[in-house]
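# Coordinate inspection notes
For reference, the chains in residue letters:
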Amino acid sequence: MSRAGSAAPTVPLWRRPRVRSLLWQVLLCLAVAALAWFAIVNVTENLARAKIASGFGFWNVTAGFDISQTLIAYSAQASTYGRAFWVGLLNTLLVAGLGIVLATALGFTVGIARLSQNYLVAKLAGWFVELIRNIPLLLQLLFWYNAVLKALPDIRGSIAVPGGGFLNNRGLFLPDPQVTAGGPVLAALLGGLAAAVAFGLVRERLGALGRGAPRVVVTLLLIVTPPLVAALVAGSTVSFTVPEMGRFNIRGGLEVLPEFVALLLGLSIYTAAFIAEAVRAGLMAVPKGQTEAAHALGLRRGATLRLVIVPQAMRVIVPPLTNQYLNLTKNSSLAVAIGYPDLVQIFTGTVLNNTGQAIEVVVITMAVYLTISLATSALMNGYNAWITPTER
Amino acid sequence: MKRVFVAILAACAALTTGAPASAATLDTVKARGSLNCGTNGQLPGFAMPDAQGVWTGFDVELCRAVAAAIFNDPSKVKFVALTAKDRFTALQAGDVDVLIRNTTWTLSRDTQLGLNATSTYYYDGQGFIVRKSLKLNSALELNDAAVCVQQGTTTELNLSDYFRANKMRLKSVTFATLDEALKAYDTGRCDAYTTDASQLYSVRLKLARPDEHVVLPEIISKEPFAAFVRHGDDQWFDIVRWVVFAMLNAEEFGITKANIDEQAKSDNPEIKRLLGTEGNFGEALGLTKDWVVRIVKLVGNYGEVFERTIGQNTPLKISRGQNALWTKGGLHYAPPVR
Ligand SMILES: N[C@@H](CCC(=O)N[C@@H](CS)C(=O)NCC(=O)O)C(=O)O
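Our subject in this report is the structure included herewith. This one's a predicted model, so the numbers in the text were calculated from it and none came from an experiment.

Before going further, it helps to spend a moment on the overall build of chain B. The helix and strand tally for chain B stands at 14 helices and 12 strands. Relative to a compact globule of 338 residues, whose C-alpha radius of gyration would be 20 Å, chain B shows 22 Å and is just as compact. With the principal axes as the frame, chain B shows a C-alpha extent of 75 × 60 × 40 Å. By the burial criterion, 56% of the 338 residues in chain B qualify as buried. If you sum the accessible surface of chain B, you get close to 13,800 Å²; carbon and sulfur atoms cover 53% of it. With 38 positive and 37 negative side-chain charges, chain B shows a spacing of 4 Å between the two charge centroids.

Below, the structure written as structure tokens:
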């Protein structure tokens, strides 16, 4: 700016490109803000004129409906619509989080298998991808749901799970561990996990030097020791609430719903097919010379893949992988078809219908999905940046 | 850049001028030449297209009655199938002119949605269907049961209330549409399925083995079905409401599809006012003098429509019960035409 100013002092301020572009930016921002403001005012006025309730007062109103899976305390009579929102959001995050892990594992396996030299393995992987990618996800979800329900016995024919659990078409019921003084233990566990991740990253960076430390042992120790120590210090005890057979259903214990299992399976398998393609593309993008060089150095096939090919392929794989993670999260909103209480089912379904406040509810829901998506993208971009400098 | 700015300004202008005060619904309907009626699309007896694609059912006939009163032609209706969840939004947005879709009249729906319920056209209540093999005699034995239910309904809320009030534990599984909820019940995911009693019978026919299921005796709620219109158009509100009253009054005076021409010659002043041979009541509504003649001739009186769609000679076999006229021990009591 100053250099431009001294070089051409005669140019009037409003003619300078920087100033002009700044001015336009400001004007544009103002215009957008004004537009948003007019839209809000207009909508509010129109709603009032049509006698449709508006505002966020509904957030603290008692919900009055039940939800089949709640990760936090919730009851129809005591909880609010706001609480129902959090229940739905957590259910969405649970299925999306686990789905991402499963889809990644399966996707990488299939993607690598597609390039296998074993004809049968490669063909099977190829068929899997073609079949799964070409059937609409909704149909797959309905298929899994009915497959899960039909495959399992009814309550009277429950399968006993060793350790005091039951499996039937109402779900999987397991003994629920109850830890007294669980706070410090949980904190220690999280700390341990963070330490394990840090260890992994540092070990990677140290290269040959870090390879001295045995990876698996150290990681396990880092995860297991802190919570054990914390439990001993805080004097926690663990007891289990065991599920019991009731007249209709099983009470108590930890409950895994068939809706959840079907949704998780459907989302993971569907997304895995796309991830497999991304992985295959990534692997094929690594020049053949790399494999040949690795072989020349005496590396076996497995080691070549693990140490030479995959690290280089990751840069190509991560961007489409991010897309698939976002897709999986958004696709989880198909939950409503098979009765899984995710955010969309609870919030834009029941809450919207009972309050009639479509605009507020939809705006909140969109903001939530946007936030989840941006956070996922940010994390994945960070990861990509982390692995990119290894390039030579 | 400049073009963007102009576009934004134009958009602002468009937004701020606001929607014109909505035209009278009757005029819009007349100009369009047909009535857009929001109904169910999956409910035998109330509203569903048959194998030939012809819409049939109680709610459907009410839509046709409104069209008959306006156009003298019951076929001038476009039926729009709506799910429980989307029905109110469709009416608010103007996609339909009237909502006649087994919809319960409640205070919040009357006040918070920018809609108004016109009158009760069917008295219903919520019930349960269970497998016979469970050997249940009462809904009060459902403690701990898993119940499949459709979301966005009063049903979903009543279910929670009922279990809470009777200190029973509930495991509800909620679905967006009737067919999904019912399929889950049929595959054994739930011990019971709950919905309005009128629907339990038609819903039962959709199950794989209808004979293996029974409806429990308890009715756990009041479900007065009403037609809904948008708030703020009093004329349209009056028309929809009085079409139903006219059909009830016609039944009360024994005016039927078959005898309407004789009845039009009647000396009974009440019948004369109803059929428009005396006074000018139809025109006061914005319709014609012979509006009731049109309805009864083309569609029928309330009882005729009831028997034709859900009565004893239909698969649903619903008896009049509370839906009989007040003169016959029921609850239907239409205000007089005068
Ligand atoms: N009367 C209740 C329930 C109405 C309702 O939507 N019932 C369901 C359950 S039978 C239904 O008709 N579903 C048909 C569909 O969504 O297609 C209400 O107004 O909320």
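Turning our eyes to something else, we now look at the side chain of D233(B). All names here are of chain B. Among the secondary structure elements, D233 is positioned in the loop between β12 (223-230) and α9 (234-252). Buried within the structure, D233 lacks any salt-bridge partner; its nearest side chain of opposite charge belongs to R230, at an N-O separation of 6.7 Å. Setting aside residues up to four positions removed in sequence, D233 forms contacts with A23, A24, T25 and L26.

This paragraph deals with the site of the ligand. Residue and element names in this part refer to chain B. Within the structure, the ligand sits among 20 residues, and N40, T104, Q150, D196 and Q199 are positioned closest to it. Within the side chain of R101, an N or O atom sits 2.9 Å from an oxygen atom of the ligand. Q150 is positioned with one of its side-chain polar atoms (N or O) 2.6 Å from an oxygen atom of the ligand. When the free accessible area of the ligand is taken as 500 Å², the share hidden by the protein chains comes to 99%. Among the secondary structure elements, those contributing two or more residues to the shell around the ligand are α6 (154-165), β10 (192-196) and β12. The element best represented in the shell around the ligand is β10, accounting for 3 residues. Class assignment for the residues of the shell around the ligand results in 4 nonpolar, 11 polar and 5 charged. Taken together, domain 1 (23-124 + 224-328) and domain 2 (126-221) each give at least three residues to the shell around the ligand, which thus spans both.

Turning our attention to the sheet that holds strand β8 (residues 254-256) of chain A. The strands making up a sheet associate through hydrogen bonds between their backbones, and the pairing can be parallel or antiparallel. Residue and element names in this part refer to chain A. If you walk across this open sheet you meet the 4 strands as β1-β2-β3-β8, and the pairing is antiparallel. With partners counted over all chains shown, the strands left at the sheet margins are β1 (159-161) and β8, one partner each. Each neighbouring strand pair of the sheet contributes to a mean axis angle of 20°, computed without reference to strand direction. Two elements, β1 and strand β2 (residues 165-168), share 3 bridges in a ladder whose sense is antiparallel. Opposite V161, over in β2, you have G165 as the bridge partner.

Another point: the pairing of β12(B). All names here are of chain B. Of all 8 residues that make up β12, 7 are buried, and the element is covered over most of its length. Here 7 bridges tie strand β6 (residues 115-124) to β12, and the two strands are oriented antiparallel to one another. Bridge assignment links A117 to a residue of β12, and that residue is F228.

Residue and element names in this part refer to chain A. Note that S268 resides in helix α8 (residues 258-285). In sequence terms S268 and V95 are 173 residues apart; their C-alpha atoms lie 9.6 Å from each other. Once residues lying within four places of it in the same chain are set aside, the contact partners of S268 are G99, L102 and A103. A distance of 2.6 Å separates the side chain of S268 from the backbone oxygen of L264, its partner in a polar contact.

So, about the state of the cysteines. A covalent bond between the sulfur atoms of two cysteines is what we call a disulfide. Residues and elements named next belong to chain B. The tally for this structure, following the rule as stated, stands at 2 disulfides over all chains. A disulfide bridge connects C37 with C63, and the sulfur atoms are separated by 1.9 Å. The disulfide joining C37 to C63 has a torsion of about -60° about its S-S bond and is therefore left-handed. With C37 in strand β1 (residues 35-39) and C63 in helix α3 (residues 58-71), this pair connects stretches of sequence that are 26 residues apart. For the pair shown, C37 and C63 are each scored as buried. A sulfur-sulfur distance of 2.1 Å marks the disulfide that ties C148 to C190. Its S-S torsion of about 75° marks the bond between C148 and C190 as right-handed, since a negative value means left-handed. On the criterion of sequence distance, the pair formed by C148 in strand β8 (residues 146-150) and C190 in the loop between α7 (178-186) and β10 is long-range, its members being 42 residues apart.

Here is what the cut-offs are and how they apply
- Residues numbered from 1 in each chain as written.
- Chains lettered and ligands numbered in written order.
- Predicted model: local features only at pLDDT ≥ 70, side-chain atom pairs only at ≥ 80, totals over all residues.
- Heavy atoms only, no water.
- Helix = DSSP H or I, 4+ residues; strand = E, 2+ residues; numbered from the N terminus.
- Rg over C-alpha atoms; globule rule 2.2 N^0.38 Å.
- Buried < 20%, exposed > 50% of the residue type's maximum accessible area, 1.4 Å probe, protein only.
- Areas by Shrake-Rupley, 256 points an atom, 1.4 Å probe, with all protein chains shown as cover.
- Lys, Arg positive; Asp, Glu negative; His and termini not counted.
- Charge placed at Lys NZ, Arg CZ, Asp CG, Glu CD.
- Salt bridge = Lys/Arg side-chain N within 4 Å of Asp/Glu carboxyl O.
- Contact = heavy atoms within 4.5 Å.
- Near = heavy atom within 4 Å.
- Polar contact = N/O pair within 3.5 Å; in protein donor to acceptor, adjacent residues only side chain to side chain.
- Nonpolar A, V, L, I, M, F, W, Y, C, P; charged D, E, K, R; others polar.
- Domains from an automatic or database assignment.
- Pairing = 2+ DSSP bridges.
- Axes fitted to C-alpha atoms, helices over the stretch in contact; angles between N-to-C directions.
- Disulfide = S-S within 2.5 Å.

Keep in mind that these numbers describe shape and distance, not what the molecule does.
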